Amino acid sequence: MTTIFKDLNIFHNVKPKKVDLVITTVPYTETSFPLMAPAILKSIADTCQVSAAGLDLNSYFVDWLKYRSDKNKFLDFFHTEKIDPEIDNVLNKLHEYFVFLLLAHRPKIIALSLLSIVCQASCKKICQLLKKHRPTIKIVIGGAGCFENLKGHAMFAEELLNSGLIDHYIRGDGEKAFAAYLKGQYDFPGINNSDWQEITKEELDTFPYPDYDDYNFEHQYVIAINGSRGCVRRCKFCDIIEHWKKFNYRSGQSIFDEMIFQNKKYGFQTFKFQDSLVNGNLKEFKKLISLLAEYNENNPTNKLKWNGYFILRSQSSFGEEWWSLMKKSGASALVVGIESLVESIRIDMGKNFTNEDLEYSLSMIKKYHLKMVMLMIVGWITETEKDIEYAKKWFIDNQKYKDLMIVEFGQTLGIYPNTWLDRNKDQLNIIKLDSMPENWKSLTNNSNPTLRAEWHKALSELCENLGYTLSDSLITHYLLERIIRNDTEFKNTNKYLHV
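Computed from a predicted model, the values in this text were never measured in an experiment.

K.L.:
Teacher, can you tell me more about the overall build of the chain here?
P.N.:
Helix and strand counts for the chain come out as 18 helices and 16 strands. Looking at the chain as a whole, 57% of its 499 residues are labelled buried. Partitioning the intrachain contacts of the chain with sequence separation of at least 6 by distance along the chain shows that 75% fall at a separation of at least 24. Approximately 21,900 Å² of the chain is accessible, and the part contributed by carbon and sulfur atoms is 50%.

Structure (structure tokens):
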């Protein structure tokens, strides 16, 4: 069973110990940093006096997969559940070994964390094998990957529950519901039902820090951190505001204290905020970056760095003193939802900043030697060929910024459940063609999947030829190729940088 891992020896840091509970991530999430859910839930289990191990099996799998020539065959399994005969044997052995590692801890409960729906194929296999080898084991699953959308019927989770492959599922903020689950309170909101309780600001400041003691940090240099829940914007394409009705932000002191704690315990100096945005609460954000700036000044050999999602503001509310302080605080890369370079489209989306604000922010990012990941959406409901030509001209005219930005076109506009777009699609003359969010057409301006995919391809190729750094997900590239070429085979062009 272990021969496929012998050369890499990737699991040598997993040291089974007898515990009541094992919590693990489920492949596949392509990421270069550890996923934090098992560490968070392990600390919650400790408050409930339940012995636990928190594992990030996804990170081991990503390390194993990254250099394989047949990587795309495995990715096809995760995205479509189709198994290529050439990897069938290896795939089975992989999952057998995952289960062997989990059961080696001799737990009573196994908790599986799914970050996205791409984890569902592996989750199903793991659950089948767990129930085969230990029929009495209790299995609970949670995470965004368990659900087709943030609200409504949980088809995947219910399927596993009804087939006896899991015993419970948890939706929403897991910290409260998971604690209730461990205490046997199975009627708590969010356990095997669609209801759940939002975490309050006061609770955010009181939760224990994530416990990473069981993680493999040999090749890791970034650790995740959460500073808030929800968002201050109401973008028409996003369902975050339907999930978290209110934006709640930890105090700057609380976030700073956790960063210092994790730095001292594990040696991490770089933190990646998992929030929807780090600067939603300007008062607490300023407190945080002021504390970090002071710390970095007093600790030149152990400076802390951070990156995260960021919203652009006007110069009047976010002047140069903010940018200077951010630099001193260790800011390195800001992920910004620009979405469109056409101001009227951006405002229509719900992005409340002007082209003047964008130009000013880029000048500050350049001046203070920061990096920006520019998130873009191609094919807004009102977008036309003229708007695409404007975007092309913007990239041509602003090459002075190309060394400081990574452009992520992501996918063409998707219309997702529980968004303003989905609720208003009839009034907008939008027709969904099938269940895929990107497959829609507009009766107003004749926008359709093929046209939007062509725009996406044209913008990507232009930016690549101009020397911009591009980032895109494999699944997005795969879908676009299928739309344009009507081809089911994924072609890996290696044009994209994964960040």
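Here the narrative resumes, following the displayed structure.
K.L.:
So what exactly am I meant to see when it comes to empty space enclosed by the protein here?
P.N.:
The method is simple in principle: a probe with the dimensions of a water molecule rolls over the atoms, and the space it marks as empty is what remains. The final tally for this structure, using the stated rule, is five cavities of 30 Å³ or more. Considered as a void within the structure, the largest cavity measures approximately 170 Å³ in volume. Residue lining of the largest cavity: 14 residues in total, with E175, F207, P208, N226 and R250 positioned closest to the centre. For the lining of the largest cavity, the element with the most residues is helix α1 (residues 37–47), which contributes three residues. The volume enclosed by the second largest cavity comes to roughly 70 Å³. Surrounding the second largest cavity, 13 residues form its lining, M376, I377, E383, A391 and L459 being those nearest its centre. Residues that form the lining of the second largest cavity fall into these classes: nine nonpolar, one polar and three charged.

K.L.:
Explanation requested: the packing of helix α2 (residues 57–65) against helix α4 (residues 88–103) in the structure shown.
P.N.:
One way to put it is that α2 packs onto α4 with a least axis distance of 12 Å and a crossing angle of 150°. Considering their axes alone, α2 and α4 lie roughly antiparallel with respect to each other. In this structure, α2 meets α4 at a crossing whose hand is right-handed. Along the contact surface, α2 presents L57, F61 and W64, while α4 presents V90, L94, F98, L101 and L102. Of the residues in the contact of α2 with α4, the class split is eight nonpolar, no polar and no charged.

K.L.:
Would you explain the sheet that holds strand β12 (residues 371–376) in this entry?
P.N.:
Each strand in a sheet pairs with another by means of backbone hydrogen bonds, the pair being arranged parallel or else antiparallel. If you trace the seven strands from one edge of the open sheet to the other, you get β6-β9-β10-β11-β12-β13-β16, paired in parallel fashion. Two strands lie at the open edges of the sheet, namely β6 (222–225) and β16 (469–470), each paired on one side alone. As paired elements, strand β10 (residues 305–310) and strand β11 (residues 331–339) share five bridges and run parallel to each other. The residue bridging W306 from the neighbouring strand is A331, located in β11.

K.L.:
Mind showing me how you'd approach the sheet that holds strand β5 (residues 168–170) here?
P.N.:
Pairing is parallel across the open sheet formed by five strands, whose spatial order is β2-β1-β3-β4-β5. A single partner strand is all that each edge strand has here, and the edge strands are β2 (52–55) and β5. Going from strand to strand, the sheet's axes swing by 20° on average, the running direction of each strand aside. In this structure, strand β3 (residues 109–113) lies alongside strand β4 (residues 138–142), joined through five bridges in parallel fashion. Its bridge partner being in β4, A111 is matched across the sheet by V140.

K.L.:
Hey, could you run me through the packing of aromatic side chains in this one?
P.N.:
Describing an aromatic ring pair means giving the distance of the ring centres and the angle of the ring planes. All chains considered together, the criterion is met by 29 aromatic pairs. For the pair Y209 and F261, a centre-to-centre distance of 5.0 Å together with 50° between the ring planes defines the contact as tilted. Of this pair, Y209 sits in the loop between α8 (201–204) and β6 while F261 sits in helix α10 (residues 252–266), and the two are 52 residues apart along the sequence. Overall, the relative accessible area of 34% leaves F261 in the partly exposed class. Members of the aromatic cluster, connected to one another through ring pairs, are Y28, F61, W64, F74, F77, F78 and F98. Above the face of the W420 ring, K236 is positioned so that its terminal group lies 4.3 Å from the ring centre.

Cut-offs and rules
- Every chain's residues receive numbers from 1 upward, in the order its sequence appears when written.
- Residue-level local features of this predicted model are given only where pLDDT is at least 70; pairs of side-chain atoms are given and counted only at 80 or more, and the full residue set underlies all totals for whole chains, interfaces and linings.
- With hydrogens and water excluded, all non-hydrogen atoms of the structure serve as input to the side-chain values.
- Helix numbering and strand numbering both begin at the N terminus, where a helix is a DSSP run of H or I of at least 4 residues and a strand a DSSP run of E of at least 2.
- Throughout this description, buried means an accessible area under 20% of the type-specific maximum (1.4 Å probe, protein chains only), exposed means over 50%, and partly exposed covers the range between.
- Whether two residues touch is decided by their heavy atoms; if any such pair falls within 4.5 Å, the residues are in contact.
- The Shrake-Rupley method, run with a 1.4 Å probe, gives the accessible areas here. Residue values count only the displayed protein chains as cover.
- Only protein atoms enter the 1 Å grid used here. Points where a 1.4 Å probe fits but cannot escape make up a cavity, open sets with protein on both sides within 12 Å along at least five of seven lines make up a pocket, and a residue lines them when an atom lies within 4 Å of a point.
- Grid points are joined across faces, edges and corners, and a volume is the space filled by probe spheres set on the points.
- Polarity classes work like this: nonpolar for Ala, Val, Leu, Ile, Met, Phe, Trp, Tyr, Cys and Pro, charged for Asp, Glu, Lys and Arg, and polar for all others, with Gly in that last group.
- Between the N-to-C directions of two axes lies an angle of 0 to 180 degrees, each axis being a line fitted to C-alpha atoms and, for a helix, fitted only over the stretch in contact.
- Comment on the angle field: the value is read as roughly parallel under 35 degrees, roughly antiparallel over 145, roughly perpendicular from 65 to 115, and oblique elsewhere.
- A crossing counts as left-handed when the near helix is turned anticlockwise from the far one by less than a right angle, and as right-handed when that turn is clockwise.
- By definition, two strands form a pair when at least two bridges between them are found by DSSP.
- Working definition: rings of Phe, Tyr and Trp (its six-membered ring) pair if their centres are within 6.5 Å, and the pair is stacked with planes under 30 degrees apart, edge-to-face with planes over 60 apart, and tilted otherwise.
- Lysine and arginine charges are scored as sitting over a ring when NZ or CZ, respectively, is within 6 Å of the ring centre and within 35 degrees of the ring normal.

Geometric descriptors of this kind do not, in isolation, establish any biological role.
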